[in-house]
Amino acid sequence: MQDPHGIRDAFTEHFGVRPRLIVRAPGRVNLIGEHTDYNEGFVFPIAIDRETFVAARSRPDHTIRTYTTQFGQEDSFDIGHIERSSDKPWANYVRGIVKGILARDLPITGADILIRSDVPLGSGLSSSASLEVAVGYAVQLLNNINLLGEELALLAQGAENSFVGVQCGIMDQFISTFGRADHALLIDCRDLSYRPLPIPPDVRVVVCNSGVHHNLGNSEYNQRRAACSEAVRLLRARLPRISTLRDVSSADLMANADLLPPTILMRARHVVTENQRTLDAAAALERADLVAFGKLMNASHTSMRDDYQISVLEIDLLTELARAVPGCYGARLTGGGFGGSTVNLVTISAIDRFVAEVAAGYKAETGRETDILVCRPSEGVSRVTAA
Ligand code: GLA
């Protein structure tokens, strides 16, 4: 965890007064269940020990001033007139959250806000969701608003959907809000119920960051989402009761494959099979069958690569290097895709060898470094004290 005193001091130095409160919200890594959340399906993420800290204090006026230590930039806006910032993309997460709170008719005053994060940007570890959840939580506490839990996650997702323009699902903001130490959460994205399942003590969740980030990612993401809606629209000709791909089994899909153009069929097949893999993976973890869990991770990667077509060569390479290390149960792309990171399940005694061999192999093939994080499943958003 970052040192809260350092954040308090950074706030005091920048704004000339001490903050009234400090909160933190974690990034996340998804073990399995990719691109299923916006299809009302199942996901299985953990919150990680990389997080965004927000220090804040109310102001007597209607101005929100935000400073981020990551870019050394400040943004300022009037809460009566909130527009998208074109030159500071990071500021839109804050603006979107404030706009979302006001849209719920909840009155707030101005604030000074300082942001500091060690969630790597563009790495598929949800730096943006952790920022949205932390800012949402801090602004609520400052204004004595009680929009917590599920409402906070939905507020954060809404900011990203309407203000940032990514039609993301609920997974990232939900796990950043509800994460549980040492557990993964099996989340049903239809009714937002969830079940924490412990990660066995003899394995670690390891993330390898490819260092590749495609700007096309957001528009490709929205296109995948649109393809899923189109699949549902076409399948309804014979399956009138379905409302999302969550309602479609593999057997239903195959029996009605003739209704779908080839690309739409591939997209739907990924989602339908991934939902089942996610449920199977949770069951495997419950019976501590890590071999079965790892096989499902590998199958998930193949489905993302071939049917959903969201992987890139560097990510495929990282998964191959990982699987070649004895003690690695499974490896797959995690998050939205088009670069970012892989998630790997590795037995503790193999971690050193895993890190050394994957890093060396990646460097030899691509000339790039990979940042490798051994993650600790962490708690969701919380207030921290800095005496
Ligand atoms: C991004 C989105 C999530 C989810 C994943 C893919 O992280 O923000 O809602 O759709 O991609 O599983």
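Model, not experiment: these values are computed from the prediction.

### Some remarks on the overall build of the protein
- Along the protein, the regular secondary structure elements total eleven helices and 13 strands.
- Its C-alpha atoms give the protein a radius of gyration of 21 Å, near enough to 21 Å, the size a compact globule of 387 residues would have.
- The principal-axis extents of the C-alpha atoms in the protein amount to approximately 60 × 50 × 40 Å.
- Relative to its 387 residues, the protein shows a buried fraction of 58%.
- In the protein, 71% of the contacts between residues at least 6 apart in sequence involve partners at least 24 apart.
- Split by element, the accessible area of the protein, about 15400 Å² in all, is 49% carbon and sulfur.
- The protein carries 39 positive and 46 negative side-chain charges, and their two centres are separated by 2 Å.

### Re unusual backbone geometry
- One non-glycine residue, Ala288, lies in positive phi territory at about 55°.
- Its location among the elements puts Ala288 in the loop between helix 8 (262-286) and helix 9 (290-308).
- Despite not being glycine, Phe338 shows a phi value in the positive range, around 60°.
- Looking at the element boundaries, Phe338 is found in the loop between strand 10 (328-334) and strand 11 (339-347).

### What to know about the environment of Thr334
- Residue placement: Thr334 occurs in strand 10.
- For Thr334, a relative accessible area of 1% puts it in the buried group.
- In the structure, Thr334 is positioned 124 residues away from Ser210 in sequence and 11 Å away in space, judged by C-alpha atoms.
- Aside from chain neighbours lying at most four places away, what touches Thr334 is Val29, Asn30, Glu34, Gly124, Ser341, Thr342 and Val343.
- Only 2.9 Å separates the side chain of Thr334 from the backbone oxygen of Asn30, close enough to count as a polar contact.

### Comments concerning the sheet that holds strand 7 (residues 183-188)
- Taken together, the three strands give an open sheet; going across it, the order is 2-7-8, and neighbouring strands pair in antiparallel fashion. Looking at which strands have only one partner, the edges of the open sheet turn out to be strand 2 (42-43) and strand 8 (193-198).
- Note: strand 2 against strand 7, two bridges, orientation antiparallel. Each residue of the ladder has a partner; that of Phe42, found in strand 7, is Asp188.
- Along the sheet, helix 5 (residues 171-178) makes contact with strand 2, strand 7 and strand 8, crossing strand 7 at roughly 135°.
- Strand contacts of helix 8: strand 2, strand 7 and strand 8, with the helix running at about 40° to strand 8, the strand carrying the most contacts.

### Things to note about the domain arrangement of the protein
- Partitioning the protein into domains gives domain 1 (4-198 + 379-384) and domain 2 (203-375).
- Averaged C-alpha coordinates put domain 1 and domain 2 at centres separated by 25 Å.
- Taken together, the contacts link 37 residues of domain 1 with 44 residues of domain 2.
- Taken together, the two surfaces of domain 1 and domain 2 that pack against each other cover about 3300 Å², and 61% of this comes from carbon and sulfur.
- Between domain 1 and domain 2 we count four salt bridges in total.
- Where Arg195 meets Glu286, a salt bridge forms, and the shortest distance between an N and an O atom there is 3.1 Å.
- Put simply, domain 1 and domain 2 have 27 residue pairs in polar contact (both at pLDDT 80 or more) between them.

### A few points about helix 2 (residues 91-103)
- In this model helix 2 runs 18 Å from its N-terminal to its C-terminal C-alpha over 13 residues, within 8% of the 18 Å that 1.5 Å per residue would give.
- With respect to burial, helix 2 is a largely interior element, ten of its 13 residues being buried.
- Summarising the contacts, the buried residues of helix 2 are in contact with strand 4 (63-68), strand 5 (73-78), strand 6 (111-117), helix 3 (127-142) and helix 4 (150-164).
- Two residues or fewer past helix 2, Asp105 is found with a positive phi of approximately 60°.

### Concerning the packing of helix 4 against helix 5
- In contact at an axis separation of 8 Å, helix 4 and helix 5 are set at 145° when each is read in the N-to-C sense. Along this stretch, helix 4 crosses helix 5, giving a crossing that reads as right-handed. Of helix 5, the residues touching helix 4 (which contributes Glu150, Leu152, Ala153, Ala156, Gln157 and Glu160) are Gln173, Phe174, Thr177 and Phe178.
- Its residues assigned to classes, the contact of helix 4 with helix 5 shows five nonpolar, three polar and two charged.

Conventions adopted
- Residues numbered from 1 in each chain as written.
- Predicted model: local features only at pLDDT ≥ 70, side-chain atom pairs only at ≥ 80, totals over all residues.
- Heavy atoms only, no water.
- Helix = DSSP H or I, 4+ residues; strand = E, 2+ residues; numbered from the N terminus.
- Rg over C-alpha atoms; globule rule 2.2 N^0.38 Å.
- Buried < 20%, exposed > 50% of the residue type's maximum accessible area, 1.4 Å probe, protein only.
- Contact = heavy atoms within 4.5 Å.
- Areas by Shrake-Rupley, 256 points an atom, 1.4 Å probe, with all protein chains shown as cover.
- Lys, Arg positive; Asp, Glu negative; His and termini not counted.
- Charge placed at Lys NZ, Arg CZ, Asp CG, Glu CD.
- Polar contact = N/O pair within 3.5 Å; in protein donor to acceptor, adjacent residues only side chain to side chain.
- Pairing = 2+ DSSP bridges.
- Axes fitted to C-alpha atoms, helices over the stretch in contact; angles between N-to-C directions.
- Domains from an automatic or database assignment.
- Buried area = accessible area lost by both parts, 1.4 Å probe.
- Salt bridge = Lys/Arg side-chain N within 4 Å of Asp/Glu carboxyl O.
- Expected span 1.5 Å × (residues − 1).
- Left-handed = near helix turned anticlockwise from the far one by under 90°.
- Nonpolar A, V, L, I, M, F, W, Y, C, P; charged D, E, K, R; others polar.

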